[in-house]
Amino acid sequence: MKGAYSTYFDNLFLALRMARPDFKAQASYALRAGREAALGKEFDPLLADLDTAITGFDETLADRNQSTASGTDAYHLARTAWLEFVDDTMKDHITPKLRKLPIYADFKKFGKSKLAARKQPKLLTEAQALLALYTAEQGRLYPGLGADAKKLYDALVATDENRDKQAATIDTAIVDLADDRAAIARAQHRLKAQLELTFDKPEKVYSFFDFSTARGNKTTPQTPPTIPEV
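Residues numbered from 1 in each chain as written. Predicted model: local features only at pLDDT ≥ 70, side-chain atom pairs only at ≥ 80, totals over all residues. Heavy atoms only, no water.

1. As for the overall build of the protein chain
- Helix and strand content of the protein chain: eight helices and zero strands.
- Reading the secondary structure of the protein chain in the N-to-C direction produces α-α-α-α-α-α-α-α.
- Counting only contacts in the protein chain whose residues sit at least 6 apart along the sequence, the fraction spanning at least 24 positions is 74%. (Helix = DSSP H or I, 4+ residues; strand = E, 2+ residues; numbered from the N terminus. Contact = heavy atoms within 4.5 Å.)

2. Side note on helix 1 (residues 20-36)
- Its 17 residues place the ends of helix 1 24 Å apart at the C-alpha level, agreeing with the 24 Å of an ideal helix rising 1.5 Å per residue.
- Along helix 1, the residues that are buried comprise Arg20, Phe23, Gln26, Ala27, Tyr29, Ala30, Leu31, Ala33 and Gly34.
- Positive phi shows up at Ala38, right after helix 1, with a value of about 50°. (Expected span 1.5 Å × (residues − 1). Buried < 20%, exposed > 50% of the residue type's maximum accessible area, 1.4 Å probe, protein only.)

3. So, the confidence of the model for the protein chain
- On average, the protein chain scores 82 in pLDDT, and the residues at 70 or more come to 77%.
- pLDDT under 50 marks residues 63-70. Its contacts with residues more than four places away, or in other chains, come to 13 contacts.
- Segment residues 218-230 is flagged for pLDDT under 50; beyond a separation of four residues in sequence, or across chains, it makes 27 contacts in the model. (pLDDT = per-residue confidence, 0-100.)

4. Comments concerning the side chain of Ser212
- For Ser212, the location among the structural elements is in the segment after helix 8 (202-206).
- Among the polar contacts made by the side chain of Ser212, one reaches the side chain of Asp210 at a distance of 2.7 Å. (Polar contact = N/O pair within 3.5 Å; in protein donor to acceptor, adjacent residues only side chain to side chain.)

5. So, the packing of aromatic side chains
- In the structure shown here, the tally under the stated rule is eleven aromatic pairs.
- Against the face of Phe23 rests Arg181, its NZ or CZ located 4.3 Å from the ring centre. (Phe/Tyr/Trp six-rings, centres within 6.5 Å; stacked < 30°, edge-to-face > 60°. Lys NZ or Arg CZ within 6 Å of the ring centre and 35° of its normal.)

6. Some details on the side chain of Gln26
- Structurally, Gln26 is set in helix 1.
- There is a polar contact of 2.9 Å between the side chain of Gln26 and the side chain of Gln188.
- When sequence neighbours within four positions are dropped, the list of residues in contact with Gln26 reads Leu16, Met18, Gln188, Asp210 and Phe211.

7. A closer look at the packing of helix 1 against helix 2 (residues 44-55)
- Helix 2 packs onto helix 1 with a crossing angle of 150° between their chain directions and a minimal axis gap of 10 Å. In terms of axis orientation, helix 1 runs roughly antiparallel to helix 2. As helix 1 runs across helix 2, the sense of the crossing is left-handed. Facing Lys24, Ala27, Ser28, Ala30, Leu31, Gly34 and Arg35 of helix 1, the residues of helix 2 in contact are Leu47, Leu50, Asp51 and Ile54. (Axes fitted to C-alpha atoms, helices over the stretch in contact; angles between N-to-C directions. Parallel < 35°, antiparallel > 145°, perpendicular 65-115°, else oblique. Left-handed = near helix turned anticlockwise from the far one by under 90°.)

8. Focus: the nonpolar core
- Judged by nonpolar contacts, the single largest core of 28 residues is most densely connected at Leu50, Ile184, Leu191, Leu195, Phe208 and Phe209.
- Of all the secondary-structure elements, those providing two or more residues to this core are helix 1, helix 2 and helix 7 (145-198).
- With 27 residues, the next largest nonpolar core counts Phe107, Leu115, Leu141 and Leu145 among its residues. (Core = buried A, V, L, I, M, F, W, Y, C linked by side-chain atoms within 4.5 Å.)

9. So, the pattern of salt bridges
- In total, this model carries eight salt bridges according to the counting rule given.
- A salt bridge links Lys91 to Asp87; its shortest N-O distance comes to 3.1 Å. With Lys91 and Asp87 both in helix 3 (residues 69-98) and four residues apart, this pair spans about one turn of that helix.
- On the basis of relative accessible area, Asp87 is assigned to the buried category, the value being 19%. (Salt bridge = Lys/Arg side-chain N within 4 Å of Asp/Glu carboxyl O.)

10. Concerning helix 6 (residues 120-137)
- In this model, helix 6 (18 residues) spans 26 Å end to end at C-alpha, consistent with the 26 Å of a helix rising 1.5 Å per residue.
- Within helix 6 the residues assigned to the buried category are Leu123, Leu124, Glu126, Ala127, Leu130, Leu131, Leu133, Tyr134 and Glu137.

Here's what the structure looks like:
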């Protein structure tokens, strides 16, 4: 829970609703304005920090609305192929040849309808158990059953892993999106604080920043500020 006075210290630059290229552009504007104003040695490390943050900012990073759609589609295709194989094998081989044997009950536990109702982790676990059954009983069913089943099982596992990797990549990108934006926001926040110590008038402080591209802002872009009187 925030403290009673925390809003007084919030970083407004973190809250700017801007596309990444615009966010970088407005930070570059502040850097350029600060350097052109020749503000004094106390500003040198602040401008250097801002320059470093801008250099490390990648405006081409993908946005948060990425999805694992392509990976999910591949997984669903592999899942469908596996379930169809299970159903065909049950109808064409297992039921005709093993129906009167005790082992038939083991196969029945992994029927298509039951597997189709399983969520992803459970489906993979039961598919692995069924693959072991296929391999063990292929002598009574047909030669090569284990190998045929393994190809489809391996595809199911591979597409599942690929989808997990895509999700992990997106999670990493989201962290990167937050981290490099925060670095610029911190540098600008510190620059603004020093400007407030230097100038009494808010108009002069804000003349170093251009918020015209912020979403919802209907103002026209600023022209670069005149060099202020320190």
